[in-house]
Every structure is written in C-alpha cells, then in structure tokens.
Amino acid sequence: MKAQRFAEYGGPDVLKLTEVAEPHAGPGRVRIAVRAAGVNPHDWRVREGQFRRIRPIELPAGVGQDAAGIVDEVGDGVTGIEVGAPVFGRGSNTYAEFAVLSSWARLPDGSTFAEAAGYPSVVETALRVLRLVGVQPGQTLLVSGAAGGVGSAVLQIARDRGIGVIGTAGAANQEYVRGLGAIATTYGAGWVERVRRLGPIDAAVDLNGAGVVRGLLDLTGDPDKVITIADLEAPMLGIRFAGVGGSMPEALAEAVDLISRGKLHIPVDRSYPLADAAAAHADSQAGHTRGRRVLLV
C-alpha cells in the first residue's frame, strides 16, 4: 500500500509517499480502508522531532492519528462493529491507504468522510481543555485561536453547555467565529484591551501558542483559570499545559451526539490528495486555518 513516511526529522519535504506493507488489525483493533485523514499540528510536530526526547520513535516512521473510512478487518475481541461499516476515529500512521484504529465510532448520518476525519483529536482536545479550565454555565470563556479546528470545537461545545464565549482570530475569520456563536475580536497589538472592553473573563484557553498567555493571565487574574495546548513555556507562569489524558472513546461518542443534534459542525477548510501531505503540513504550520485540513485517499 501507499503511505506517507519520513526517514529523518525535518521540514515538510522529508515526507515521502512510499510503498509499505499493509498493517493488520490486532486484538481490540479494527483496520479501515482510509478515505480521509485529519491533518493536526501534532502530526508536523512529530515530523519535526519536537517530542523526540519524551516520546522517541523509530525512523523511518509513518504519520497521522485521525482518519475516517470503511472497516475491512475486525480484530479479536471487537464487538459492535462489522466489516463494511463507515467509521471515524484515532489510530496510528493514518496518512495511508489502510490504517489500524484503536478507537472508533460509526460515521454520523449525513457526515462525509472528509468532515469526520477532522473530528477525533480536535473534539477530544476541546473536551479536555474545557474540563481542565473548569469554566461553568453562565460564565464567559476567552478562546485565543478560535477559528482553527480545536477552537471551532471549543466554541460550539461551550455554547451547547450554556457558556458564553469570546474568540480571538484574524480579521478574515471574524464572521466565521461569530457564526459559531461567539463574540469575535482580532488578535495583534491591543488585543488585551479589546477583550477587556467586551466584559469580564472567567477563564481562557490558548490554542495556538502565539505568546498570549501573559495577556490571558492579566484578563483572568488566576493562572488556574488559563490552559494552553501550544505554549511550552506557560508553566513558568504557573499556567497548565494540557497534554494527553482525555478519553478518545468518550470524545467520539460526544462528537456523534453533538453532530446528530446539529450542535457541532467543523468545516473542511481545504483538502489535499495523499501525495500532497507535505503541502498540507506547510499550510497547517502557516496557520490561519478556518476549520480543518484533511488528506483524501
């Protein structure tokens, strides 16, 4: 089968479409014929070697965690799903024609494979940061980096829970953020004062690591009320870095519920063929995403 691999850490150009052996579903796993794979910042951070000290990997290696497709192998001990079922979920090395998933759910009615491939990691991350920051119904949450995949999920899930949301995003994404039920304002010089004029902030999340955590701390007045998923230096200010730890099966179940109730929709900003994974990574690193980027297989 064809899969994207990299033999050394580096920029997007280290990704190569390669012929490799097909994986197979072990116990408690399913294999899918991949139709679409989600492109996440985690993917290019792995490719760059940002996690090599804490989670070393053997090179050459595959890339990708999220995917949607058709089940074509069911491992021992798996129940409730059958060959031929359309699913989405998380696994490993999903930038490929076939991939093994460790967590999955049936595709919600009306969802395309491209849309569904963009949900797993962003919904799990959104649920995790909302839990950790402790924001409650009736309070106001500030979301820095609101137009990306995780931001889109956080805004919609928070609104469904009765939480008020303010989102910062680029000038071109203001209407998009408002369309998700948030009060929108731009980032850049003076952003803290622009947010302050919109009212008191009970909690805040940093989703893009753009050096905003000091401002978020000023606005909330409490490091326990700020969470980041992108600023590795935030713990020096007493601000928590939200690493791994959420339940993917629970996140997928909640995603299905929200999508089915019409409370969650994250658009595909751009799709790429599997062969163009390097371009997808370069665009993801450049930022300014509205929704999700996916690879089509």
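Residues numbered from 1 in each chain as written. Predicted model: local features only at pLDDT ≥ 70, side-chain atom pairs only at ≥ 80, totals over all residues. Heavy atoms only, no water.

### Some thoughts on helix α9 (residues 277–286)
Here comes step 1: Among the residues of α9, Ala277, Ala280, His281 and Ser284 are the ones counted as buried. All buried residues of α9 fall inside an arc of 100° around its axis, so they share one side.
Here comes step 2: Contact partners of the buried residues in α9: β1 (2–6), β3 (30–39), α1 (41–48), β14 (268–273) and β15 (292–296). (Buried < 20%, exposed > 50% of the residue type's maximum accessible area, 1.4 Å probe, protein only. Helix = DSSP H or I, 4+ residues; strand = E, 2+ residues; numbered from the N terminus. Arc of directions from axis to C-beta. Contact = heavy atoms within 4.5 Å.)

### Examining the sheet that holds strand β10 (residues 183–186)
Here comes step 1: Strand order in the open sheet formed by 6 strands is β10-β9-β8-β11-β12-β13, with parallel pairing between adjacent strands. Each end of this open sheet is capped by a strand with a single partner; those strands are β10 and β13 (240–241).
Here comes step 2: Note that strand β12 (residues 226–228) and β13 share 2 bridges and pair parallel. Of the residues in β13, the one forming a bridge with Ile227 is Arg240. (Pairing = 2+ DSSP bridges.)

### Considerations on the environment of Ala172
Here comes step 1: With respect to the helices and strands, Ala172 occurs in the loop between β9 (164–169) and α5 (174–179).
Here comes step 2: For the pair Ala172 and Arg290, spaced 118 residues apart in the sequence, the C-alpha separation amounts to 9.4 Å.

### Description of the pattern of salt bridges
Here comes step 1: Under the definition given, this model contains 15 salt bridges.
Here comes step 2: Lys2 is the salt-bridge partner of Glu19, the closest N and O atoms lying 3.8 Å from each other. Separated by 17 residues along the polypeptide, Glu19 in strand β2 (residues 16–19) and Lys2 in strand β1 bring together distant segments of the chain.
Here comes step 3: Note on Glu19: relative accessible area 54%, which makes it exposed.
Here comes step 4: With a relative accessible area of 39%, Lys2 lands in the partly exposed category. (Salt bridge = Lys/Arg side-chain N within 4 Å of Asp/Glu carboxyl O.)

### Observations concerning the sheet that holds β1
Here comes step 1: Strand order in the open sheet formed by 3 strands is β2-β1-β4, with antiparallel pairing between adjacent strands. A single partner strand is all that each edge strand has here, and the edge strands are β2 and β4 (61–62).
Here comes step 2: With 2 bridges connecting them, β1 and β4 associate as antiparallel partners. Bridge pairing in β4 links Arg5 to Gly62.

### A few points about the packing of helix α3 (residues 120–133) against helix α8 (residues 248–260)
Here comes step 1: It is the contact of α3 with α8, at a shortest axis distance of 9 Å, that shows an interaxial angle of 100°. Classed by the angle they form, the pair α3 and α8 counts as roughly perpendicular. For the pair α3 and α8, the contacting residues are Pro120, Ser121, Val123, Glu124 and Leu127 in the first and Met248, Ala251, Leu252, Glu254 and Ala255 in the second.
Here comes step 2: Residue classes in the contact of α3 with α8 are distributed as 7 nonpolar, 1 polar and 2 charged. (Axes fitted to C-alpha atoms, helices over the stretch in contact; angles between N-to-C directions. Parallel < 35°, antiparallel > 145°, perpendicular 65-115°, else oblique. Nonpolar A, V, L, I, M, F, W, Y, C, P; charged D, E, K, R; others polar.)

### A short note on unusual backbone geometry
Here comes step 1: Cis geometry marks the peptide bond from Leu59 to Pro60; its omega dihedral reads 0°.
Here comes step 2: Along the chain, the position of Pro60 falls in the loop between α1 and β4.

### Observations concerning the domain arrangement of the protein chain
Here comes step 1: Along its sequence, the protein chain is carved into domain 1 (2–107 + 267–296) and domain 2 (123–241).
Here comes step 2: Contacts between domain 1 and domain 2 engage 8 residues on the former and 10 residues on the latter.
Here comes step 3: Each partner contributes to the roughly 640 Å² buried at the junction of domain 1 and domain 2, and carbon and sulfur atoms together form 42% of this total.
Here comes step 4: The tally of links from domain 1 across to domain 2 stands at 1 salt bridge.
Here comes step 5: Class assignment for the residues of the side of domain 1 that touches domain 2 results in 1 nonpolar, 3 polar and 4 charged. (Domains from an automatic or database assignment. Buried area = accessible area lost by both parts, 1.4 Å probe.)

### Focus: the packing of aromatic side chains
The description of two aromatic rings rests on the distance between their centres and on the angle between their planes.
Here comes step 1: Summed over the entire model, instances satisfying the criterion amount to 1 aromatic pair.
Here comes step 2: Summarising the aromatic geometry, the rings of Phe6 and Tyr9 are spaced 6.2 Å apart at their centres and angled 45° between planes, so their arrangement reads as tilted.
Here comes step 3: Here the basic side chain of Arg31 rests over the ring of Phe98, its NZ or CZ set 4.4 Å away from the ring centre.
Here comes step 4: Sitting over the ring of Phe51, Arg55 keeps its end group 4.7 Å from the ring centre. (Phe/Tyr/Trp six-rings, centres within 6.5 Å; stacked < 30°, edge-to-face > 60°. Lys NZ or Arg CZ within 6 Å of the ring centre and 35° of its normal.)

### Topic: the side chain of Ser121
Here comes step 1: Along the chain, Ser121 turns up in helix α3.
Here comes step 2: Residue Ser121 is classed as buried on the basis of its relative accessible area of 6%.
Here comes step 3: A distance of 2.9 Å separates polar atoms of two side chains, one belonging to Ser121 and the other to Asp66. (Polar contact = N/O pair within 3.5 Å; in protein donor to acceptor, adjacent residues only side chain to side chain.)

### Description of the nonpolar core
Here comes step 1: Val123, Leu141 and Val177 are the most contacted members of the largest nonpolar core, which has 51 residues in total.
Here comes step 2: Sorting the residues of this core by element identifies α2 (113–117), α3, β8 (140–144), α4 (149–160), β9, α5, β11 (203–206) and α8 as the ones contributing at least two each.
Here comes step 3: Counting residues per element, this core draws most heavily on α3, at 7 residues.
Here comes step 4: Discounting residues that sit within four places of it in the chain, Val123 has contacts with Ile157, Ala251, Ala255 and Leu264.
Here comes step 5: One finds Val39, Ala61, Val63 and Leu295 within the second-largest nonpolar core, a separate group that totals 15 residues. (Core = buried A, V, L, I, M, F, W, Y, C linked by side-chain atoms within 4.5 Å.)

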